[in-house]
Structure formats: structure tokens, C-alpha cells
Amino acid sequence: MLQVKIVPVTAFAQNCSIVWDSESKEAVLIDAGGEPEKLKKEVEALGLTVKALWLTHGHLDHAGAVGALVKEWNVPVIGPQKEDAFWLDMIKEVSARYGFPIPEAVHVDQWLEGGEVLKLGEEEFEVRFAPGHTPGHVMFYNAKYGVLWTGDVLFKGSIGRTDFPKGNHQQLLDSIQRECFSLPDETQFISGHGPMSTIGFEKQHNPFVAGQAG
């Protein structure tokens, strides 16, 4: 069975997801955004073996712990799409600008394009390419359990910012229509910040995109 524990990290309260298969105890971390020691302790307390680190996009608050955890666990970094490489290349510089601890460099082992299927034990996750917040943003979808990891594309009652370099508001709206609102209404999603929601709720109530489904 698929299990998830959301661990908010850093002053940005970014939702890092520890995702694991309850039988094999194999795990991945989605968006290990900072505080590597905290994440390491959570993994150890759960008795898990981390197999990979998955990234939705290259922003500091989603990737800040990745380099340190790779050194710790010697696991591959998977995602995002290669258009976000410039963000990962700047992670030390951006961290200094925000007054954050300077993280280890991030080296991606597998860039994603969208349409791939990633596996964790017997569970499968579809990669969905959703640019707009950043040009290389991806999301991860598990159809069996009806769960989508949206990163900073879609939030409960809000959508991602597009005022960063290479952000694009219309592209973000298009991504939400194509990659989020095409999923069943009962699909739950875990976003990069804030509480969970469902696709159906956002279609009806999200002021940025409600009523645009179709």
C-alpha cells in the first residue's frame, strides 16, 4: 500500500512528501526543499530505504536538501524537465540572496519530459509536464490512489506565481487545464505549500481558474 507523510521544511513551509510502499519499505522524497537532517530523521524513524529523490521544479525551496541527501544516501535525482536546469545551477546564489544556508549543488540524473512512468515498488506514477510557474515544472500522478503532486502549479484556492524568470501566466493556466483539470474530480492533490485539496473543489472554487474547466 502507498503511504505518504508530508513534512514541511524551511521558512517557506514547503511540503516535502515522503512516499513509500508499506510492504517493501522503499521510499522516494518528492521536493526535498531543505532541512536535510530533519528529513533524514523522519526517514529513519519510519524505517524506510530511500531509492530516489524526485523534483517537480528547480526552485530553492523545493530542491535545497537534495544535494546533501544524495551524499547521505547515494540515490539518483529524477526530474524536473531540463528547462529548469538554470534554477538548479543557481541554487547556491539564490540561497545566499534569501539568507538561507548554502546547500550542496544539485546534479540531476534523469531529466523528465512528461509521459514517463516512474515506479516505486509495485506503484506507478505518471509524469505530467506542467510549465508556467517555471519552464521545466513537472507533476507526479498516481492513478491507483488518485493522488497528484502539483508542486507549485496548483494550490488550494490559488495558483503558482509567474513573476519569476521564465515564468508564464498563460502557460500556467493552460497547464492546469490540460494536466490537472483533465483528472477525475475526486483526485486529491498535494501542493508545494499549504493544505491538500481536490481537483473538483478547485474547478468550482479556485478564483484563478474556477469555471474554466473543459
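All values derive from a computational prediction rather than experimental measurement.

(A) Seen up close, the overall build of the chain. A tally of regular secondary structure across the chain gives seven helices and 13 strands. The C-alpha atoms of the chain give 16 Å as radius of gyration, which agrees with the globular expectation for 214 residues (17 Å, within 12%). For the chain, the spread of C-alpha atoms along the three principal axes comes to 45 × 40 × 30 Å. The contacts of the chain with a sequence gap of at least 6 include a subset with a gap of at least 24, amounting to 60%.

(B) Quick peek at the UniProt feature "domain: Metallo-beta-lactamase" (unreviewed entry) in the chain. Within the UniProt annotation, "domain: Metallo-beta-lactamase" (unreviewed entry) is assigned to residues 13-193. Along residues 13-193 one finds 27% helix and 28% strand; the C-alpha atoms at either end are 6 Å apart.

(C) Here's a closer look at the nonpolar core. Formed by 29 residues in total, the largest nonpolar core has its most connected members in Leu29, Ala32, Leu39 and Val66. With three residues, the top contributor of residues to this core is strand S2 (residues 14-21). Once residues lying within four places of it in the same chain are set aside, the contact partners of leucine 39 are Val7, Val9, Cys16, Leu29, Ala32, Gly34, Ala65 and Leu69.

(D) Summary view of the pattern of salt bridges. Following the criterion strictly, the structure yields 13 salt bridges and no others. A salt bridge links lysine 82 to glutamate 113, with the shortest nitrogen-to-oxygen separation between them at 2.7 Å. With a gap of 31 residues between them, lysine 82 in the loop between strand S5 (77-78) and helix H4 (85-89) and glutamate 113 in the loop between helix H5 (91-98) and strand S6 (117-120) connect regions that are remote in the sequence. With a relative accessible area of 39%, glutamate 113 lands in the partly exposed category. A salt bridge links glutamate 93 to arginine 97, with the shortest nitrogen-to-oxygen separation between them at 2.8 Å. Pair noted here: glutamate 93 and arginine 97 are both in helix H5, with a separation of four residues, about one helical turn. Glutamate 93 sits in the partly exposed class, given a relative accessible area of 46%. Under the relative-accessibility criterion, arginine 97 is labelled exposed at 58%.

(E) Main features of helix H3 (residues 66-73). Listed in full, the buried residues belonging to H3 are Val66, Gly67 and Leu69. Buried residues of H3 fall within an arc of 165° about the axis and therefore sit on the same side. Lining the buried residues of H3 we find strand S3 (26-30), helix H1 (36-46), strand S4 (49-54), helix H2 (60-63) and S5.

(F) Summary view of the sheet that holds S2. In spatial order, the strands read S1-S2-S3-S4-S5; together these five strands make up an open sheet with mixed pairing. Single-partner strands in this sheet number two, and they are strand S1 (2-9) and S5. In terms of strand pairing, S2 meets S3 through four bridges, oriented antiparallel. Within S3, the position partnered with serine 17 by the bridge is isoleucine 30. H1 contacts S1, S2, S3 and S4 of the sheet and is inclined by roughly 155° relative to S1. In this fold H3 packs onto S3, S4 and S5, with an angle of close to 150° to the strand it touches most, S4.

(G) Structural context of the packing of aromatic side chains. A full pass over the atoms with the stated rule returns eight aromatic pairs. With a centroid separation of 5.3 Å and an interplanar angle of 25°, the aromatic rings of phenylalanine 12 and phenylalanine 100 are classed as stacked. Note that phenylalanine 12 is positioned in the loop between S1 and S2 and phenylalanine 100 in the loop between H5 and S6, a separation of 88 residues in sequence. Looking at phenylalanine 12, the relative accessible area reads 31%, which means it is partly exposed. Both rings, one in tryptophan 54 and one in phenylalanine 125, keep their centres 5.0 Å apart while their planes meet at 80°; by these two values the pair is edge-to-face. One end of the pair, tryptophan 54, is in strand S4; the other, phenylalanine 125, is in strand S7 (residues 123-129), with 71 residues separating them in the sequence. When sorted by exposure, tryptophan 54 lands in the same class as phenylalanine 125, which is buried. Of note, lysine 156 hangs over the ring of phenylalanine 201, and the distance from its end group to the ring centre comes to 5.6 Å. Seen from the ring of phenylalanine 86, lysine 166 lies directly overhead, with NZ or CZ sitting 4.6 Å from the centre.

Quick notes on the rules
Residues numbered from 1 in each chain as written. Predicted model: local features only at pLDDT ≥ 70, side-chain atom pairs only at ≥ 80, totals over all residues. Heavy atoms only, no water. Helix = DSSP H or I, 4+ residues; strand = E, 2+ residues; numbered from the N terminus. Rg over C-alpha atoms; globule rule 2.2 N^0.38 Å. Contact = heavy atoms within 4.5 Å. UniProt positions renumbered as here; feature names shortened; annotations may be inferred. Core = buried A, V, L, I, M, F, W, Y, C linked by side-chain atoms within 4.5 Å. Buried < 20%, exposed > 50% of the residue type's maximum accessible area, 1.4 Å probe, protein only. Salt bridge = Lys/Arg side-chain N within 4 Å of Asp/Glu carboxyl O. Arc of directions from axis to C-beta. Pairing = 2+ DSSP bridges. Axes fitted to C-alpha atoms, helices over the stretch in contact; angles between N-to-C directions. Phe/Tyr/Trp six-rings, centres within 6.5 Å; stacked < 30°, edge-to-face > 60°. Lys NZ or Arg CZ within 6 Å of the ring centre and 35° of its normal.

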